[in-house]
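Summary of the model geometry
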Amino acid sequence: MMNKPDIKNLLALKRSGYGQKNIKDEIRNNLINFIQKKQSPFNTILGYEDTVIPDVERALLSRHNILFLGLRGQAKTRMAREMINLLDEWIPVVAGSEINDDPFAPISLYARKLLEELADATPVEWVHRTDRYGEKLATPDVSVADLIGDIDPIKAANMRLSFADEQALHYGIIPRSHRGIFVINELPDLQARIQVSLFNILQEGDIQIRGFKLRLPLDILFVFTANPEDYTNRGSIVTPLKDRIESQIITHYPKTVEVSRAITEQEAKILPEQLEKIEVPDMCRVLIEQIAMEARKSEFVDQKSGVSARLTISAYENLVSTAELRALRGGQKHTMVRISDFLGVVPSITGKIELVYEGEQEGPLNVAHRLLGLAIRTTFTQYFPDPQSFKKNRDSQKTKSKPSPYQPVIDWFGKGNDLVLIQEEPDAAYLAHLYKVDGLYAAVKQFYSNANEAQAGLLMEFMLHGLSEFSLISKKGVEKGGYTFGDMLGSMLNMNLGGDEEEDF
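Rules used throughout
- Residues numbered from 1 in each chain as written.
- Predicted model: local features only at pLDDT ≥ 70, side-chain atom pairs only at ≥ 80, totals over all residues.
- Heavy atoms only, no water.
- Helix = DSSP H or I, 4+ residues; strand = E, 2+ residues; numbered from the N terminus.
- Buried < 20%, exposed > 50% of the residue type's maximum accessible area, 1.4 Å probe, protein only.
- Areas by Shrake-Rupley, 256 points an atom, 1.4 Å probe, with all protein chains shown as cover.
- Polar contact = N/O pair within 3.5 Å; in protein donor to acceptor, adjacent residues only side chain to side chain.
- Contact = heavy atoms within 4.5 Å.
- Pairing = 2+ DSSP bridges.
- Axes fitted to C-alpha atoms, helices over the stretch in contact; angles between N-to-C directions.
- Phe/Tyr/Trp six-rings, centres within 6.5 Å; stacked < 30°, edge-to-face > 60°.
- Salt bridge = Lys/Arg side-chain N within 4 Å of Asp/Glu carboxyl O.

A separate point is the overall build of the chain. Looking only at helices and strands, the chain features 24 helices and 14 strands. Out of the 505 residues belonging to the chain, those deemed buried represent 51%. Carbon and sulfur atoms form 49% of the exposed surface of the chain, whose accessible area is close to 24,500 Å².

As structure tokens, then:
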């Protein structure tokens, strides 16, 4: 932060050469400086570099008010907050003003009277750019008085003023954001009659309070956010108001796993002590993001509601904590995340998705496990050969059949063997169980010869989960928290006999 300017009155301000600035011109000029320096004011925004940010830059260069339209968790409010970087670090205001009066162009009665009395001796204060940002969440109980202002009877009584006196007014949050940025989140939730009160502010730049003949030419950059779902479920933006917002910018979810992963790692709140104790392999980080990708195209999830980026952030934090809890209970100083630790991610999924009717019938838990399974299936072929390719080769007469690296594993389960992996088992017991499966370690080493013991254990477990998702072996959940793997045919026979009491994921 630069030091606050040491200018105390209007005369000194005039001698300094400081000129009057409109907020939108100020933002425009600072944006131009950023662009010329090949810098971006939106430093923490990822995935919008080629889409949303250019739209925002065009709107700001055009000195437009902005409406961000997009589903939940698409960084709409974050974009607005980043605009603070485009404000001058310090601006002068008339000392004691409630609405950041410009010493060169005061608009409040208080500031105008002060300048008439003191002229160049009018005291000046300096406001930092972080104090020039106002934000209001639109809720049904928001009133015109909250936003614009109203007569304050207590103030009038204490100062012995008539209700017709402008000094009896109490300014709302919008006038107090004069010469700054003001954001209204979830605009459709604002009652229609309240939205109407914004017409004059956006078009003429002034406000109307009660019956006062009052004109305050407010200087504000307005930013609104809205969710398309709101237009049908809770409310709508009245057409004349929408018409007065010059730029409507559509936001979107991350388009690739890589971008989604970068956002998750930037936003997740992982403690240093957790980072020292818990190792999160690259595979598990990819799986976290793939869960959200699968949810955004699932037939069970309401796509109009969207799947927030907060799902992956919360899931990542829960995944680390699940492994940490296991390590604490087992007295381990260090451990690596396992696939079975994703059981701890389920609450982060069920709490972040809205289900359609079919999803409600399926049940939130089953949908969450299904999304996890789909994520494993999609990710599996990034680390191992597609099991279906070997089946195609075997069925083709023209192509010479290649031996499947998974066949020894499948055959071991086909002999009637089962494998139970409990999520909270210590690392040594966990690895010992995996090594029981004939051919499993050899199959992993065939593709990852340099993997250490812990990495090989994770890859072995991942291979089992992958084979189950391709219906080559069976997988069921167990009450203690974990999975049991077995022969696919045997599992189907047990299901037909009705003797299976375990939950099938």
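This next bit is on the side chain of Ser-247. One can find Ser-247 in strand β9 (residues 247–250). Note on Ser-247: relative accessible area 13%, which makes it buried. Separated by 2.7 Å, the side chains of Ser-247 and His-64 make a polar contact. Each residue touching Ser-247, except ones within four places of it in the same chain, is listed here: Ala-59, His-64, Asn-65, Ile-66 and Leu-67.

Working note: regular strand, side chains alternate between the two faces of the sheet. Counting buried residues along strand β7 (residues 180–185), six of its six residues qualify, which places the element largely inside the surrounding structure. With burial as the criterion, each face of β7 is covered, one bearing Gly-180, Phe-182 and Ile-184 and the other bearing Ile-181, Val-183 and Asn-185. Looking at chain direction, strand β4 (residues 133–137) and β7 are connected through five bridges and run parallel. Residue pairing across strands places Lys-136 opposite Ile-184, the latter belonging to β7. Pairing between β7 and strand β8 (residues 220–226): five bridges, direction parallel. Bridge assignment links Val-183 to a residue of β8, and that residue is Val-223.

What follows deals with the sheet that holds strand β13 (residues 473–478). The strand order across the open sheet built from three strands is β12-β14-β13, with neighbouring strands paired in antiparallel fashion. The open sheet has two edge strands with one neighbour each: β12 (419–422) and β13. Neighbouring strand axes in the sheet, compared pairwise and without regard to direction, differ in orientation by 20° on average. Two strands pair when backbone bridges link them, and β12 and strand β14 (residues 482–487) are joined in this way by four bridges, in the antiparallel orientation. In the sheet register, Val-420 faces β14, and the bridge partner there is Thr-484.

Attention shifts here to the packing of aromatic side chains. Applying the stated criterion across every chain yields a total of 15 aromatic pairs. Between Tyr-18 and Trp-126 the ring centres are 6.1 Å apart and the planes differ by 90°, which places this aromatic pair in the edge-to-face class. Of this pair, Tyr-18 sits in the loop between α1 (10–15) and α2 (23–36) while Trp-126 is found in strand β3 (residues 124–128), placing the two residues 108 residues apart along the sequence. Its relative accessible area of 11% is what places Trp-126 among the buried residues. Arranged with centres 5.9 Å apart and planes meeting at 5°, the rings of Phe-222 and Phe-224 form a pair that is stacked.

By definition, the strands of a sheet pair up through backbone hydrogen bonds, in either a parallel or an antiparallel sense. With parallel pairing, the five strands of this open sheet are ordered in space as β4-β7-β8-β1-β9. Strands with a single pairing partner mark the edges of an open sheet, and in this sheet they are β4 and β9. Going from strand to strand, the sheet's axes swing by 20° on average, the running direction of each strand aside. α2 contacts β7 and β8 of the sheet and is inclined by roughly 80° relative to β8. Here helix α3 (residues 52–61) sits on the sheet in contact with β1 (66–69), β8 and β9, set at roughly 170° to β9.

A separate point is the pattern of salt bridges. All chains considered together, the criterion is met by 19 salt bridges. Asp-88 is the salt-bridge partner of Lys-21, the closest N and O atoms lying 3.0 Å from each other. One end of the pair, Lys-21, is in the loop between α1 and α2; the other, Asp-88, is in the loop between α4 (76–82) and β2 (90–94), with 67 residues separating them in the sequence. Given the relative accessible area of 14%, Asp-88 is considered buried.

The values reported here are purely geometric and, on their own, carry no functional implication.
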